[in-house]
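Below are the chains, spelled out letter by letter.
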Amino acid sequence: MLVSIIIPTFNSEKFLKETLDCAINQSYLFKEIIIVDDGSIDKTRLILKDYSDKYNFLRVYHQVNKGACNARNFGFEVSKGELINFLDADDLMDYNKIEKQVAIIKNSQDSIIGCNWIRFNTNILNTIGGLGPHVSVAHTLDAKTWLLKRHMMAQHAWLVPRSIINRSGLWNESITCNQDGEFYSRLISNSETVIFCNEVSVYYRASTNNNNVSTLNSYHKYESLFEVAVIYKKIL
């Protein structure tokens, strides 16, 4: 089964190489890597040119800045994989993350599969807080039970069948906060089972940007949170 690793990037020169190496070095070999550069003005374009010249399974697309959700949606549309793994341009995964998850989910196309995740700072040995997800969802559950627990996990922990995304819809480009929570709640609601793989972990880099939309006390933030709450109510 072909796995598409989809990476949106914007001015990510500081951590991009580490993330690309993580994706390239996945032990699962039947993969493609799609990078969508969302209008970067730093050295991101040069880094991507270097990598795309070296690896024929890595494809790079450039667009004017439209936001991460738009870049993810474009990446999905040009991808070919039967299974999808979204990965932000500063996050990391265990080298065998995809291989372990594919082995479990390959015969369960109506399921979505996650794994352990943890926050880190400068490197994955410098972790912040405990291992996620919450113990109440750190095992296989039916979709409705998972949603009622109201615990989520880092987006790159998930490996998702393309068919589930097709029937759930793409990323919501109109919201500016909790985009991944809203997106994966829809995917889970269109799944039969949420499988948990305890053998591998992913690593979520803690933001050092105080202007991150999720930390801003702005009208748009609260407007987005309200919209997400309405969507959650419809799902449940």
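Residues numbered from 1 in each chain as written. Predicted model: local features only at pLDDT ≥ 70, side-chain atom pairs only at ≥ 80, totals over all residues. Heavy atoms only, no water.

### Points about the overall build of the protein
Line of reasoning, step 1. Helices and strands together make up the secondary structure of the protein, namely eight helices and ten strands.
Line of reasoning, step 2. For the protein, buried positions account for 49% of its 236 residues.
Line of reasoning, step 3. Across the protein, the fraction of contacts at a sequence separation of at least 24, relative to all contacts at a separation of at least 6, is 78%.
Line of reasoning, step 4. Roughly 11500 Å² of accessible area belongs to the protein as shown, and the carbon and sulfur atoms make up 51% of that amount. (Helix = DSSP H or I, 4+ residues; strand = E, 2+ residues; numbered from the N terminus. Buried < 20%, exposed > 50% of the residue type's maximum accessible area, 1.4 Å probe, protein only. Contact = heavy atoms within 4.5 Å. Areas by Shrake-Rupley, 256 points an atom, 1.4 Å probe, with all protein chains shown as cover.)

### Digging into the pattern of salt bridges
Line of reasoning, step 1. One pass over the structure, following the stated rule, counts eight salt bridges.
Line of reasoning, step 2. The residue E18 makes a salt bridge to R205 at a minimum N-O spacing of 3.0 Å. Taken together, the residues span a long stretch of sequence, with E18 in helix α1 (residues 16-24) and R205 in strand β10 (residues 193-205) at a distance of 187 residues.
Line of reasoning, step 3. The partly exposed category is assigned to E18, whose relative accessible area is 35%.
Line of reasoning, step 4. On the accessibility criterion, R205 (4% relative accessible area) is buried.
Line of reasoning, step 5. For R72, the salt bridge goes to D88, with nearest N and O atoms at 3.1 Å. In this pair, R72 is assigned in helix α3 (residues 68-78) and D88 in the loop between β4 (83-86) and β5 (92-93), connecting sequence segments 16 residues apart. The pair R72 / D88 is uniform in exposure class, with both members buried. (Salt bridge = Lys/Arg side-chain N within 4 Å of Asp/Glu carboxyl O.)

### Section: the confidence of the model for the protein
Line of reasoning, step 1. Looking at the protein as a whole, its pLDDT mean stands at 90, while 88% of the residues score no less than 70.
Line of reasoning, step 2. Long-range and interchain partners of residues 208-216, a stretch whose pLDDT sits below 50, account for ten contacts in this model, where long-range means more than four residues apart. (pLDDT = per-residue confidence, 0-100.)

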